[in-house]
Amino acid sequence: MADRKRFGDRDYFEGGKPRLDDPPNSRLFIVCSKNITEDDFRTAFEKFGTIEEVWVVKDKTSGEPKGVTYIKFSKTSEAALALEEMNGKCIGSANRPLKVMIAHSRDQGSKRESNEEERLLRLFCVVPKTTTDQMLRDHFKQFGDIDYVSVVKDRETKESRGFAYVKYHKISHAAKAFENCDRTYKAVFAEPRKKNSLDSFDRYSGPSMGQDPMFSPFGSSMEMSGYPNAEGCNLRVIASPHLNQDQLWKLFDIAPGLDFLYLDPKAKLGKGHAVVVYNNPQAAAYAQEKLHGFEYPPGQRLIVKMDPSARNDLPLNMQSRGGMNRDTFSGSTSPRLPGSSSAVPTSRSLPPDLASLAETIAQATSLIQAAGLAPDGAGANVGNVQGRDAYDPSYCSVKLPSPQPLASMDAETAERLFIVCNPGPPPAYALRDVFGRFGNLIDVYMLSGKNCGYAKYASKESAENAIQTLHGQEVCGIRMKVMAADPRTDDRRKRLKMEDQ
DNA sequence: CGACGGGACGC
DNA sequence: CGACGGGACGC
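Everything numeric in this text was worked out from a predicted model, so none of it was measured.

Caption draft 1: Structural detail: the sheet that holds strand β15 (residues 452–457). One open sheet accounts for five strands, arranged β14-β15-β13-β17-β16; its pairing is antiparallel. Edge positions in the sheet fall to β14 (441–446) and β16 (474–475), since each of these pairs with one other strand and no more. Across six bridges, the pairing between strand β13 (residues 415–422) and strand β17 (residues 478–484) is antiparallel. Residue pairing in the sheet places Cys421 in a bridge with Met480 of β17. Set on the sheet, helix α11 (residues 428–436) makes contact with β13, β14, β15, β16 and β17; between it and β14 the angle comes to about 145 degrees.

Caption draft 2: View of the protein's contact with DNA strand C. Near DNA strand C you find 32 residues, and of these Arg155, Lys186, Glu191, Tyr445 and Lys481 are the closest. Arg193 is positioned with one of its side-chain polar atoms (N or O) 3.2 Å from a base oxygen of DNA strand C. Separating a base nitrogen of DNA strand C from a side-chain N or O atom of Tyr454 is a distance of 2.7 Å. Counting residues per element, the ones that place at least two in the surface near DNA strand C are β5 (122–126), β7 (160–168), β13, β14, β15 and β17.

Caption draft 3: Region of the structure containing unusual backbone geometry. Looking along the chain, the bond that leaves Asp22 and enters Pro23 is cis, with omega of -5 degrees. For Pro23, the location among the structural elements is in the loop between α1 (9–12) and β1 (27–31). Going from Asn422 to Pro423, the amide bond is cis rather than trans, its omega being 5 degrees. Tracing the sequence through the fold places Pro423 in the loop between β13 and α11. Its identity is not glycine, yet Asn25 carries a phi of approximately 60 degrees, on the positive side. By the secondary structure assignment, Asn25 is in the loop between α1 and β1. At Cys476, a position not held by glycine, the phi torsion is positive, near 55 degrees. Structurally, the position occupied by Cys476 is in the loop between β16 and β17. For Cys476, a relative accessible area of 22% puts it in the partly exposed group.

Caption draft 4: The packing of aromatic side chains, seen in detail. One pass over the full model with this rule turns up 12 aromatic pairs. Consider the rings of Phe41 and Phe45, whose centres lie 6.2 Å apart with planes at 45 degrees: the pair is tilted. Here the residue Phe41 and the residue Phe45 both occupy positions in helix α2 (residues 38–45), the gap between them amounting to four residues, near one helical turn. Across this residue pair, the class does not change: Phe41 and Phe45 are buried. A ring pair is formed by Phe418 and Tyr454, whose centres lie 5.5 Å apart and whose planes are at 45 degrees; its orientation type is tilted.

Caption draft 5: Summary view of the pairing of strand β3 (residues 65–73). Of the strand pairs in this sheet, β1 and β3 are connected by five bridges, and their pairing is antiparallel. Bridged to Ile30 within β3 is Thr69. Where strand β2 (residues 51–58) and β3 come together, six bridges link them in antiparallel fashion. Residue pairing for β3: Trp55 is matched across the bridge by Tyr70.

Caption draft 6: Expanded view of the environment of Val482. Note on placement: Val482 falls in strand β17. The spatial distance from the C-alpha of Val482 to the C-alpha of Ile467 is 5.4 Å, given a sequence separation of 15 residues. Beyond its immediate stretch of four places on either side in the chain, Val482 contacts Leu417, Phe418, Phe435, Ala466, Ile467, Leu470 and His471.

About the thresholds
Residues numbered from 1 in each chain as written. Chains lettered and ligands numbered in written order. Predicted model: local features only at pLDDT ≥ 70, side-chain atom pairs only at ≥ 80, totals over all residues. Heavy atoms only, no water. Pairing = 2+ DSSP bridges. Helix = DSSP H or I, 4+ residues; strand = E, 2+ residues; numbered from the N terminus. Contact = heavy atoms within 4.5 Å. Axes fitted to C-alpha atoms, helices over the stretch in contact; angles between N-to-C directions. Near = heavy atom within 4 Å. Polar contact = N/O pair within 3.5 Å; in protein donor to acceptor, adjacent residues only side chain to side chain. Buried < 20%, exposed > 50% of the residue type's maximum accessible area, 1.4 Å probe, protein only. Phe/Tyr/Trp six-rings, centres within 6.5 Å; stacked < 30°, edge-to-face > 60°.

Here's what the structure looks like:
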């Protein structure tokens, strides 16, 4: 089938026109000395990614370089990194430093706006109504330093309007988030907020929503280390034996001050038994309250108990250093609490912040395994068989292929499946994992308020495999029908077809 | 200050 | 036996 990722004239000149702004913000506009050659540019910029084109602009009549160059990258994040790295640098034989900017789209011309940085730093996302700022922050912080997260709420009812803005400090971070954030957010670069033209300092204008005020009930976790062996800091955990140490770490990282998490590889304590130690008792209590009884994976409740003696079960060499702690775990960032509101759900019914957390973990797990970086010997996650093909999520009634990378969101749909779930829709992350395992999955979603939905695949073969394997099976105890979808009926397809001409 | 050409899906 | 998602920021 057509591989839209591979670059070639065929793709570049889609519809007879160069795709200058596809993906968005992937083209650089560079003001520079006139004596820099195309080769100079290629040499200096190729390390940032795949260059689709270097165009040293020359005067049409005289042929003289105008001191302006465009460089088109295949990805937004490549252009962003190149900008951050090369702006102000000198290349070739020139003394004048490059001025590197993200090129405007052609119709936008050369006019500048006072806040054009914001166009590159801020993402617009569609989010479930139950998603909070903190939940979004927890997902988006993995891509870089967040300026602010803001779920837009109804002015009167204060309820979420179902969309949000996420702003970063660096455009490469925004670009990474744009490319790699959970695709159900449908992240796009946000149009700058409407504004009057006078304030070119809007970046500094407000405290705005910089840091959420209810952010840290425990104060700075750095200052909370005065409880090294306090009794209330130690938890004993029983989890699914399928979970590995990384996954558990991410779960228990919902409370600030996670010091040690030890999942006994020899199962001396018992399969899936772990010891968790925080540096402050509030965090341990919070984690226990939030995670005890939480189903992860679905159907498998975590058991989380306070146990002052738990720390004694750590191997001697860990009682001071930890088998896994903040220093050795690269994926963790600053500790944050979910559920910034005080109306934290205490029921055992999958509070939304934990659902979001579980989703994040499922996604990360899927990515890691798809990349062939499956947890190594340090983990105790392998049940009975060897190799990552053996990974078999307990929430699905049938043996599945190993996790696969998703197809790009704008890939062409080769086949669409219709899914019916009874009695109701399973968790989104479970659906995504299960349907993703056949490869080339573009998107899977349930219609809101309905028990049916769709899965879109970029490959017919993947879609057929999904039908073969999943039809009639269960996910999280929910029976699924999986079949080819009827073609769309509305005029949306026609409209898309028209654009192709 | 510094903003837009050439090319046009295989055998 | 079910059928087509959510979308722009109080001034």
